Amino acid sequence: RTVYVNGDYLPETEAKVSIFDRGFLMADAVYEVTSVLGGKLLDFQGHVARLQRSLSELQMVSPVTMDELLEIHHQLIEKNDLDEGGIYLQITRGAGADRDFLWPDPEEVQGGIVLFTFAKKITANKSIDEGIKVISIEDLRWGRRDIKTTQLLYPSFAKMQAKKAGATDAWFVEDGYVTEGYANNVYIVKDGVIITRQLSNDILHGITRAAILKFAAEAQMKVEERPFTIEEAQAADEAFATSATGFSQPVVEIDGVTVGTGKPGPVSKRLREIYIEEMPKTAL
Ligand code: PLP
């Protein structure tokens, strides 16, 4: 695979970053994952807008312009002959002198940037056909989950807990209410109404969430943006999760309790179909 690191396209085995890079030492970094379908980027505009917001909230400066970023994405798709999968992009605050809790001056220290592609079947897979099982776990992440940082130790811990319990994903719960999934936004459907937590600093503002809610509104589906509990989710007609590479993914079991019929529900299926049909129209 050819990857991009700080200005160079290199074979992945030759790519190197400094041990003093703050992304490595302190998770002082933000990231994005954009899916690729038919060799094109889905909702690149949305991902770039969120990236700029993440950077600005942390007073970080991108080492490349957003036009250059699109060009790098395209180069990597071409060099790796990528048809279906995604691109991971990470921007760090760069490598300061030694290890310092204080941020270096962006005029003096340039940010670090890394991109790599991954090939993956995202349009069809077993978890879409059968739905996935999830567990709930206390949300012990920091309070600015709206910023997409690389502090992913707790989500990774949560995913391990899910695996141990024979499930696939974990849903975070705070003060009795579901915030979001370990790496996705979550929804339930009850009596034809789609319910999902409203945006705030408590959750990541999913790019897929925005698209799915727009498609739901266009299809005259009813949406309520409010928090819900695990008990309410277990008693729902269906449940699903959204993310850039997962689109809308059916959830059929929560903490050992079957949701609805135990099969993927019609609402998540329909939204998934619309998403796959509509998104390529604006792909870059
Ligand atoms: N919530 C969290 C915590 C995430 O990590 C992600 C994606 O990685 C999402 C939600 C979904 O966001 P998006 O639809 O932009 O991929």
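Residues numbered from 1 in each chain as written. Predicted model: local features only at pLDDT ≥ 70, side-chain atom pairs only at ≥ 80, totals over all residues.

### Some details on unusual backbone geometry
Apart from glycine, the bulk of residues carry a negative phi angle, and the bulk of peptide bonds sit in the trans form. Note the following rule: In this text, helices come from DSSP runs of H or I with a minimum length of four residues, and strands from runs of E with a minimum of two, each type numbered from the N-terminal end. Every C-beta atom is placed from the backbone, and the number of other C-beta atoms within 10 Å of a residue's own sets its class: buried at 20 or more, exposed at 12 or fewer, partly exposed in between.
A positive phi angle, near 50 degrees, is found at glutamine 59, a position not held by glycine. Following the sequence through the fold, glutamine 59 ends up in the loop between α2 (44–57) and α3 (66–79). Of the residues examined, glutamine 59 has 9 C-beta atoms within 10 Å and is grouped as exposed. Positioned with a positive phi, phenylalanine 247 is a non-glycine residue whose angle comes to about 50 degrees. Relative to the helices and strands, phenylalanine 247 is located in strand β14 (residues 247–254). Using a count of 26 C-beta atoms within 10 Å as the deciding quantity, one classes phenylalanine 247 as buried.

### So, the domain arrangement of the protein
Heads up, the rule is: Boundaries of every domain are those given by an automatic assignment or by a domain database. For every residue pair, C-beta atoms are placed from the backbone, and the pair is scored as a contact if these atoms sit within 7 Å.
Taken domain by domain, the protein comprises domain 1 (2–119) and domain 2 (126–282). For domain 1 versus domain 2, the separation of C-alpha centres amounts to 26 Å. Each partner contributes to the interface: domain 1 provides 22 residues, whereas domain 2 provides 13 residues. Where the side of domain 1 that touches domain 2 is concerned, the elements lending two or more residues are β3 (29–37), α2 and β5 (84–92). Looking at which element gives the most residues to the side of domain 1 that touches domain 2, the answer is β3, with 8 residues.

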